[in-house]
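Each chain, letter by letter, is given below.
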Amino acid sequence: MTTDPIITLHGEQELVRRAGHLFVASREEFLVAATDLLTWSTGVNAAFAEGKRPHLVPGLTMRKLYTRRALADPESERRLLRIAASGVEIRISDGPLAREAIIIDRRTAILAGAPVRGVRTYTVVRSPEVVDGVRSLFRAAWESATDLADRATPPHLTDQAREILRSLAAGHTDETGARLLGLSLRTYRRRVAELMTTLGAGSRFQAGLLARGLLDEAVSPGVPR
């Protein structure tokens, strides 16, 4: 990509090809503001699939800010919770966002335009004054937004499901968990699989992370009560 202060890219493919390297280069901040999960989905996911993704290195702050439209359905909520479980801070804004943008290391801003015939334009800005202005808008919206854990609709968890989560958090084997809960091994494993589906977790470890903020009390290591 050239060093021009402002460049307009057309469509997700050009975004990935000409700006994807900026994602992986982030070291201080990777800030995302979007109305819902669709704005950056195709382009950013394609870049991430090619390995062009920010790494959670020490000192890197990753924050994503969405409007309530991002919580439109249970699957979207589960997807946001999975993102949060990976270490990304997520907040939900009650109002519309001034700009849908990605801000990288206080040096680059990528602004999403409205789709025209199904194609979005993405404006890459390197002007320090403009980037600082976009970042200021993000910070103001972020400060007034609510943490995802306080906005997402928690799935219904039975008392048994809570005990299973505590067992997983304690690192118990299936055999130990089944014995402590008074279940057969087959039933215990089926309950674990059902619980992971409910939470949208891809692993037992992630299920424990997702449970934080969903349970009435924090999931903490220990023997199930």
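Rules used in this analysis
Residues numbered from 1 in each chain as written. Predicted model: local features only at pLDDT ≥ 70, side-chain atom pairs only at ≥ 80, totals over all residues. Heavy atoms only, no water. Helix = DSSP H or I, 4+ residues; strand = E, 2+ residues; numbered from the N terminus. Buried < 20%, exposed > 50% of the residue type's maximum accessible area, 1.4 Å probe, protein only. Areas by Shrake-Rupley, 256 points an atom, 1.4 Å probe, with all protein chains shown as cover. pLDDT = per-residue confidence, 0-100. Contact = heavy atoms within 4.5 Å. Core = buried A, V, L, I, M, F, W, Y, C linked by side-chain atoms within 4.5 Å. Phe/Tyr/Trp six-rings, centres within 6.5 Å; stacked < 30°, edge-to-face > 60°. Pairing = 2+ DSSP bridges. Expected span 1.5 Å × (residues − 1). Polar contact = N/O pair within 3.5 Å; in protein donor to acceptor, adjacent residues only side chain to side chain. Salt bridge = Lys/Arg side-chain N within 4 Å of Asp/Glu carboxyl O.

### Quick word on the overall build of the protein chain
- A count of helices and strands for the protein chain gives 9 helices and 8 strands.
- Of all 225 residues assigned to the protein chain, the portion counted as buried reaches 46%.
- When the accessible surface of the protein chain is split by element, carbon and sulfur atoms take 51% of a total near 11,800 Å².

### Structural notes on the confidence of the model for the protein chain
- Per-chain confidence: the protein chain averages 80 in pLDDT, with 77% of residues scoring 70 or above.
- For residues 216-225, every residue scores under 50 in pLDDT, and the model assigns this stretch 23 contacts once sequence neighbours within four places are set aside.

### Some words on the environment of Gly87
- On the secondary structure map, Gly87 appears in the loop between helix 3 (74-85) and strand 4 (89-93).
- Here the alpha-carbon distance between Gly87 and Thr61, two residues 26 residues apart in the chain, equals 9.5 Å.

### With respect to the nonpolar core
- Among the nonpolar cores identified, the biggest contains 29 residues, and Trp40, Tyr66, Leu80, Ile102 and Ile110 are the most heavily contacted of them.
- The leading source of residues in this core is helix 1 (residues 11-24), at 4 residues.
- Residues in contact with Leu80, not counting those within four places in the same chain, are Leu37, Tyr66, Ala70, Leu71, Ile90, Ile92 and Leu148.
- The next biggest cluster of nonpolar side chains, apart from the first, holds 15 residues, and it includes Leu97, Leu111, Val131 and Trp142.

### Section: unusual backbone geometry
- Positive phi, close to 50 degrees, is recorded for Asp105, a residue that is not glycine.
- Among the structural elements, Asp105 can be located in the loop between strand 5 (101-104) and strand 6 (108-112).
- The exposure class assigned to Asp105 is buried, which follows from its relative accessible area of 3%.

### Section: the packing of aromatic side chains
- Summed over all chains, the structure comprises 1 aromatic pair.
- Between the aromatic rings of Phe138 and Trp142, the centroid separation amounts to 5.8 Å while the plane-to-plane angle is 15 degrees, which identifies the pairing as stacked. A residue pair is termed a helical-turn pair when its members lie 3 or 4 positions apart in one helix, as Phe138 and Trp142 do in helix 4 (residues 128-144) at 4 residues. By the burial criterion, Phe138 is buried, and Trp142 matches it.

### Some details on the pairing of strand 1 (residues 6-10)
- Going residue by residue along strand 1, you find Ile7 and Leu9 tucked away on one face and Ile6, Thr8 and His10 left uncovered on the opposite face.
- When strand 1 meets strand 7 (residues 121-125), the two strands line up antiparallel, connected through 5 bridges. Looking at the pairing, Leu9 lines up with Tyr122 of strand 7.

### Here we look at helix 3
- Taking 1.5 Å per residue, 12 residues should reach 16 Å; helix 3 reaches 16 Å between its end C-alpha atoms and fits that length.
- The complete set of buried residues in helix 3 reads Ser76, Glu77, Leu80, Leu81, Ile83 and Ala85.
- Downstream of helix 3 by a residue or two, Gly87 has a phi angle that is positive, lying close to 110 degrees.

### Some details on the side chain of Glu163
- You can see Glu163 is positioned in helix 6 (residues 159-169).
- Residue Glu163 is classed as buried on the basis of its relative accessible area, which comes to 17%.
- Engagement of the side chain of Glu163 in a polar contact is seen with the side chain of Arg166, the distance being 3.2 Å.

### Examining helix 6
- Taking burial as the measure, the 11 residues of helix 6 include 8 buried ones, the bulk of the element.
- Those residues of helix 6 that sit buried are Ala161, Arg162, Glu163, Ile164, Leu165, Arg166, Ser167 and Leu168.
- Backbone geometry just after helix 6 places Gly171 at a positive phi near 80 degrees.

### So, the pattern of salt bridges
- Applying the stated rule across the entire model yields 15 salt bridges.
- Close ionic contact of Glu75 with Arg82 constitutes a salt bridge, the shortest N to O distance being 3.2 Å.
- With a relative accessible area of 37%, Glu75 lands in the partly exposed category.
- Glu194 serves as the salt-bridge partner of Arg191, at 3.8 Å between the closest nitrogen and oxygen. On the criterion of helical spacing, the pair formed by Arg191 and Glu194 is a turn pair, its members being 3 residues apart in helix 8 (residues 185-199).
- By relative accessible area, which is 28% here, Arg191 ends up partly exposed.
- Using a relative accessible area of 41% as the deciding quantity, one classes Glu194 as partly exposed.

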